[in-house]
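One-letter residues, chain by chain:
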Amino acid sequence: MDMMVILFSIGASFLLAVLLGPLFIPVLRRMKFGQQIRTDGPQSHLKKSGTPTMGGIIIMVALMIAFLKFADKTNEFWVLLVASLGFGLVGFLDDYIKIVFKRSLGLTARQKLLGQLLFSIIVCALLYSMGHSTEVSIPGTGWGVDLGWFYYPLVVIMMFAASNSVNFTDGLDGLLAGTSAIAFGAFTIVALQTSSHESAVFSAAMVGAVLGFLVFNKHPAKVFMGDMGSLGIGGGIAAVAILTKTELLLIIIGGVFVLEMLSVILQVASFKLRGKRIFKMSPIHHHFELVGWSEWKVVTVFWLVGLVFAALGLLFVI
């Protein structure tokens, strides 16, 4: 793998995102594509109401231009394209409905799940057509289990889990942009180690795109990525883990996303079963806000935790 291609992918997508920001943000503002803030969330967030959202378009455009330029148009290319753009499209529709109807919720849960299921099935069909291995390896061991046809339900579960857990993480200025840059940076190295050219280029391009977006999304954010960005990122990272045959490693490298999702599951389960909440608010980043941490402190601590998880994950492949 030519490292220059990886560096160019990062640099090109970063530069594109930085250039696209000043073009798209004023347009989103003029079109009144402002974020609707949950009234039951931290009160400090109410001042963010009206901040332009749907900034995920900056990430996706920068990512795709760089990816199209530096990747080979193989079967893996199409899997990555469908996973990221497909899930990004579901997020776009969700964002658009929120904005047009001025509400904090867009697509219904069923509509969103159906959209995610559709693109997950397309990914499965592409994997089957390219003869993708159905064996799942256990990180750090020489063991693996061939799941046969059961591998495809696993792919669907991974796509759902990754996209929704990443979506839960998008709640504070710069939180998801930073943690996803770290996770994709780790997967760039994983892809290089596994000689997956398209996955390496895609991951590198995503690193540049989200870091470029972070220029405008850092606290105080000038724009939010919305579901278009978060679902597109989630679909993309699941596809990279699948193509590099590091399916289980995603749980470690994406540890922050896993914790965010678990906090929501535990909160809901606890309230339904015991009538009590475990956290002041979920996802867990809001809990730390409500116990007195500043938004910037929560974000930087979560970035550091993301770095630890990424380093732990890389220990299994380096």
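Let me begin by describing the structure that accompanies this report. Worth saying up front: this structure is predicted, and the values here are computed from it rather than measured.

On to the overall build of the protein. Helix and strand content of the protein: 12 helices and 2 strands. Reading the helices (α) and strands (β) of the protein from amino to carboxyl end gives α-α-α-α-β-β-α-α-α-α-α-α-α-α. Taken over the C-alpha trace, the protein has a radius of gyration of 19 Å; the compact-globule value for 318 residues is 20 Å, and the two agree within 12%. Along the longest, intermediate and shortest principal axes, the C-alpha atoms of the protein span 50 × 50 × 35 Å. The buried share among the 318 residues of the protein stands at 53%. By sequence separation, contacts in the protein at least 24 residues apart represent 76% of the contacts at least 6 residues apart. A total of about 14200 Å² of accessible surface is found on the protein, and carbon and sulfur atoms cover 70% of it.

Time to look at the side chain of Thr188. Counting through the fold element by element, Thr188 comes out in helix α6 (residues 175-193). Owing to a relative accessible area of 7%, Thr188 belongs among the buried residues under this scheme. A distance of 2.8 Å separates a polar atom in the side chain of Thr188 from the backbone oxygen of Phe184. Once you skip the residues sitting within four places of it in the chain, Thr188 turns out to touch Ile6, Ala200, Ser203, Ala204 and Val207.

Turning next to the packing of aromatic side chains. How two aromatic rings sit relative to each other is given by the distance of their centres and the angle of their planes. Applying the stated criterion to the full structure yields 13 aromatic pairs. Centroid distance Tyr151 to Tyr152: 5.9 Å. Interplanar angle 85°. Geometry classified as edge-to-face. With relative accessibility at 12%, the residue Tyr152 sits in the buried group. Taken together, the aromatic side chains of Phe67, Phe77, Trp78, Phe184 and Phe202 make up a single cluster linked through ring pairs. Here Lys297 stacks its cationic end above the ring of Trp293, 4.5 Å away from the centre of that ring.

Its location among the elements puts Ser263 in helix α10 (residues 255-274). In this structure Ser263 comes out as buried when scored by relative accessible area, which is 2%. Here Glu260 takes part through its backbone oxygen, which lies 2.6 Å from a polar atom of the side chain of Ser263. Of the polar contacts made by the side chain of Ser263, one reaches the backbone nitrogen of Ile284; its length is 3.0 Å. Once residues within four sequence positions are removed from consideration, Ser263 is found in contact with Phe279, Ser282, Pro283 and Ile284.

Attention now moves to the nonpolar core. Among the nonpolar cores identified, the biggest contains 81 residues, and Ile59, Phe202 and Ile233 are the most heavily contacted of them. Here the element with the most residues in this core is helix α7 (residues 197-217); it accounts for 12 residues. Aside from chain neighbours lying at most four places away, what touches Ile233 is Ile59, Val166, Leu176, Ser180, Phe184, Met206, Val210 and Met225. Residues Leu175, Val256, Ile284 and Val298 belong to the second largest nonpolar core, which totals 8 residues.

Right, let's talk about the packing of helix α2 (residues 56-70) against helix α3 (residues 75-100) for a bit. Two elements in contact, α2 and α3, have axes separated by 12 Å at closest approach and are oriented at 175°. The angle between α2 and α3 falls in the class roughly antiparallel. For the pair α2 and α3, contact is made by Met60, Met64, Phe67 and Leu68 and by Phe77, Leu80, Leu81, Ser84 and Leu85, respectively. In the contact of α2 with α3, the residues fall into 8 nonpolar, 1 polar and no charged.

On to the environment of Val5, then. By the element assignment, Val5 lies in helix α1 (residues 3-30). Sequence separation of Val5 and Leu250 is 245 residues, and the distance between their C-alpha atoms is 24 Å. Filtering out sequence-adjacent residues up to four positions away, Val5 remains in contact with Phe70, His197 and Val201.

Looking now at the pattern of salt bridges. A side chain of one charge can pair with a side chain of the opposite charge if their charged atoms are brought near each other. This structure, assessed with the given rule, holds 3 salt bridges. Its salt-bridge partner being Asp227, residue Lys112 comes within 3.3 Å of it at the nearest N-O pair. Placement of Lys112 in helix α4 (residues 109-129) and of Asp227 in helix α8 (residues 226-243) is noted, with a sequence separation of 115 residues between them. The buried category is assigned to Lys112, whose relative accessible area is 15%.

Basis of the calculations
- Residues numbered from 1 in each chain as written.
- Predicted model: local features only at pLDDT ≥ 70, side-chain atom pairs only at ≥ 80, totals over all residues.
- Heavy atoms only, no water.
- Helix = DSSP H or I, 4+ residues; strand = E, 2+ residues; numbered from the N terminus.
- Rg over C-alpha atoms; globule rule 2.2 N^0.38 Å.
- Buried < 20%, exposed > 50% of the residue type's maximum accessible area, 1.4 Å probe, protein only.
- Contact = heavy atoms within 4.5 Å.
- Areas by Shrake-Rupley, 256 points an atom, 1.4 Å probe, with all protein chains shown as cover.
- Polar contact = N/O pair within 3.5 Å; in protein donor to acceptor, adjacent residues only side chain to side chain.
- Phe/Tyr/Trp six-rings, centres within 6.5 Å; stacked < 30°, edge-to-face > 60°.
- Lys NZ or Arg CZ within 6 Å of the ring centre and 35° of its normal.
- Core = buried A, V, L, I, M, F, W, Y, C linked by side-chain atoms within 4.5 Å.
- Axes fitted to C-alpha atoms, helices over the stretch in contact; angles between N-to-C directions.
- Parallel < 35°, antiparallel > 145°, perpendicular 65-115°, else oblique.
- Nonpolar A, V, L, I, M, F, W, Y, C, P; charged D, E, K, R; others polar.
- Salt bridge = Lys/Arg side-chain N within 4 Å of Asp/Glu carboxyl O.

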